[in-house]
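Okay, here's what each chain looks like letter by letter:
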Amino acid sequence: MTEKRATAQAHPNIALIKYWGNRDDYWRIPANDSLSFNLEGLWSRTTVIFRPQLSQDRLWLHGREISGTGLTRAQRVLDRVRRWAGLKWYAEVHSENNFPTGTGIASSASGFAALAVAAAAAAGLVLSEADLSRLARLGSGSAARSVPGGFVLWRAGQHDEDSFAYTFAAADHWALADCIAVVSTQPKAVGSSHGHTLAATSPLQAARVADAPRRLALVQDAILRRDFDQLAWIVEQDAHLMHAVMQTSQPPLLYWQSASIEVMHAVRAWRAAGRAVAYTLDAGPNVHVLCPASLAPTVAADLAQLPGVAEVRVATVGGPARVLDTSGTSA
Ligand code: PMV
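Predicted model, so just to flag it, every value in this text is computed and none were measured.

## A closer look at the site of the ligand
- Close to the ligand lie 14 residues, the nearest being Tyr19, Ser140, Ser142, Arg145 and Ser192.
- At 3.4 Å, a backbone N or O of Gly141 approaches an oxygen atom of the ligand.
- Contact distances for the ligand include 2.7 Å between an oxygen atom and a side-chain N or O atom of Arg145.
- If the ligand stood free it would expose 380 Å²; the protein chains cover 96% of that surface.
- Its residues assigned to classes, the shell around the ligand comprises five nonpolar, six polar and three charged.

So, in structure tokens, the structure goes:
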């Protein structure tokens, strides 16, 4: 049978300097530069199969067919690949994550990064990492940061052409870990795509964005010098600035649960007692607790004892999105 197929894998990432709010919602051009590292041990795997006989694109997540905005966002990526490759065929997309869906560990970053890399490979495109990052950004902004490996910086840029992420330090530069304290398995009420459109309604967003270059420079410097103390306070400040914007937007978004606050207090108490730990939260109640990888087993065990913590997932610093398989492609 004539078809073009490839499978790719990508890791989710955790932002240490957050992306919240777009300069341009359609192109997902962010209001500020952001910085993250990829989460080794967690992955999305996505297979794209372009077939001449399909009459529309179709998407399955864990074997369940998805329609609506999930499919529309995937089509943004597929449409661009078709245009760049001069291909007219629709595609079947099959995606899965090795972390339970619905636990609030962001899967859109890894899912759209894997989709971008798989779709380009299936179509026979040989793209630069920057172009793959731009492609992934069309599905989900933070997916731009899951294409390169290690410690990653996404320059906001002004246009589609100059808004992409790149590695500034390799995955083995610093052995950090993210111990994810899962406090809720409920799907969030307001997804981040919609949340970004509300950011500008907060009077605090302009101040958050204006100060972002200072925070980013401090975090990047802390990573390059492997200075956990400097990293800790600025990462927490950045997360609180984003949540202050969320909580004061119109309508306001309060992603925290009581257990999230319990974890934040515990982490601050541990740090005050001399332990190298810091927290950050994305658009959800789960708390990402950062620490040197050597401390992760004890930090994870202590987090699991806190009230309301259902599960702790531990990830280290991961590599780039990559093609796993193009076998089965026939022309
Ligand atoms: O990529 P999106 O649209 O899911 O936005 C992600 C936003 C945050 O996770 C809250 C912050 C970030 O920079 O990852």
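## Structural notes on the packing of aromatic side chains
- Tallying each qualifying case throughout the model produces five aromatic pairs.
- When the ring of Tyr26 is compared with that of Trp27, the centres are 5.2 Å apart and the planes differ by 90°; the resulting orientation is edge-to-face.
- Residues Phe151 and Phe168 carry aromatic rings whose centres are separated by 6.5 Å and whose planes lie at 55° to one another, so their mutual orientation is tilted. Of this pair, Phe151 sits in strand 10 (residues 151-155) while Phe168 is found in strand 11 (residues 164-169), placing the two residues 17 residues apart along the sequence.
- Looking at Phe151, the relative accessible area reads 0%, which means it is buried.
- You can call Phe168 buried: its relative accessible area is 16%.
- Members of the aromatic cluster, connected to one another through ring pairs, are Phe37, Phe151 and Phe168.

## So, the nonpolar core
- Grouped together as the largest cluster of nonpolar side chains are 34 residues, with contacts concentrated most on Val48, Phe50, Val77, Leu78, Val81, Leu115 and Leu135.
- Elements represented by at least two residues in this core include exactly strand 1 (4-10), strand 6 (44-51), helix 1 (69-85), strand 9 (90-97), helix 2 (108-122) and helix 3 (129-137).
- For this core, the element with the highest residue contribution is helix 2, accounting for ten residues.
- For Leu115, the residues in contact, after removing those within four places along its chain, are Thr46, Val48, Ala74, Val77, Leu78 and Val93.
- Counting residues in hydrophobic clusters, the runner-up holds 31 residues, among them Leu35, Ile180, Ile223 and Ala315.

## Concerning the sheet that holds strand 8 (residues 64-66)
- The six strands lie next to each other as 8-7-9-6-1-16, forming an open sheet whose pairing is mixed. Every interior strand has two partners, whereas the edge strands, strand 8 and strand 16 (322-325), have only one. Averaged over all pairs of adjacent strands, the angle between strand axes in this sheet comes to 30°, irrespective of strand direction.
- Bridge analysis of strand 1 against strand 6 gives seven bridges, and the strand direction is antiparallel. If you follow Ala8 over to strand 6, its bridge partner there is Thr46.

## Looking at the pairing of strand 5 (residues 34-40)
- With six of seven residues buried, strand 5 lies mostly within the body of the structure.
- With four bridges connecting them, strand 2 (residues 13-17) and strand 5 associate as antiparallel partners. Looking across to strand 5, one finds that Ala15 is bridged to Ser36.
- Pairing analysis gives four bridges linking strand 5 to strand 10, with the strands arranged antiparallel. The partner of Ser34 across the bridge, within strand 10, is Trp154.
- Looking at chain direction, strand 5 and strand 15 (residues 311-317) are connected through two bridges and run antiparallel. Among the inter-strand pairings, Glu40 is bridged to a residue of strand 15, identified as Thr316.

## Thoughts on the pattern of salt bridges
- Using the criterion set out here, one finds 21 salt bridges in the structure.
- With a shortest N-O distance of 2.6 Å, Asp282 and Lys18 are connected by a salt bridge. Taken together, the residues span a long stretch of sequence, with Asp282 in the loop between strand 13 (278-280) and strand 14 (287-292) and Lys18 in the loop between strand 2 and strand 3 (22-24) at a distance of 264 residues.
- A salt bridge links Arg215 to Asp238, with the nearest nitrogen and oxygen atoms 2.7 Å apart. Taken together, the residues Arg215 in helix 5 (residues 205-224) and Asp238 in helix 6 (residues 228-247) connect sequence positions 23 residues apart.
- Exposure remark for Arg215: the relative accessible area of 0% places this residue in the buried category.
- A cluster of three or more residues bridged by salt bridges with shared partners is formed by Arg80, Asp131, Arg134, Arg137 and Asp160.

Reading guide: rules and limits
- Residues numbered from 1 in each chain as written.
- Predicted model: local features only at pLDDT ≥ 70, side-chain atom pairs only at ≥ 80, totals over all residues.
- Heavy atoms only, no water.
- Near = heavy atom within 4 Å.
- Polar contact = N/O pair within 3.5 Å; in protein donor to acceptor, adjacent residues only side chain to side chain.
- Areas by Shrake-Rupley, 256 points an atom, 1.4 Å probe, with all protein chains shown as cover.
- Nonpolar A, V, L, I, M, F, W, Y, C, P; charged D, E, K, R; others polar.
- Phe/Tyr/Trp six-rings, centres within 6.5 Å; stacked < 30°, edge-to-face > 60°.
- Helix = DSSP H or I, 4+ residues; strand = E, 2+ residues; numbered from the N terminus.
- Buried < 20%, exposed > 50% of the residue type's maximum accessible area, 1.4 Å probe, protein only.
- Core = buried A, V, L, I, M, F, W, Y, C linked by side-chain atoms within 4.5 Å.
- Contact = heavy atoms within 4.5 Å.
- Pairing = 2+ DSSP bridges.
- Axes fitted to C-alpha atoms, helices over the stretch in contact; angles between N-to-C directions.
- Salt bridge = Lys/Arg side-chain N within 4 Å of Asp/Glu carboxyl O.

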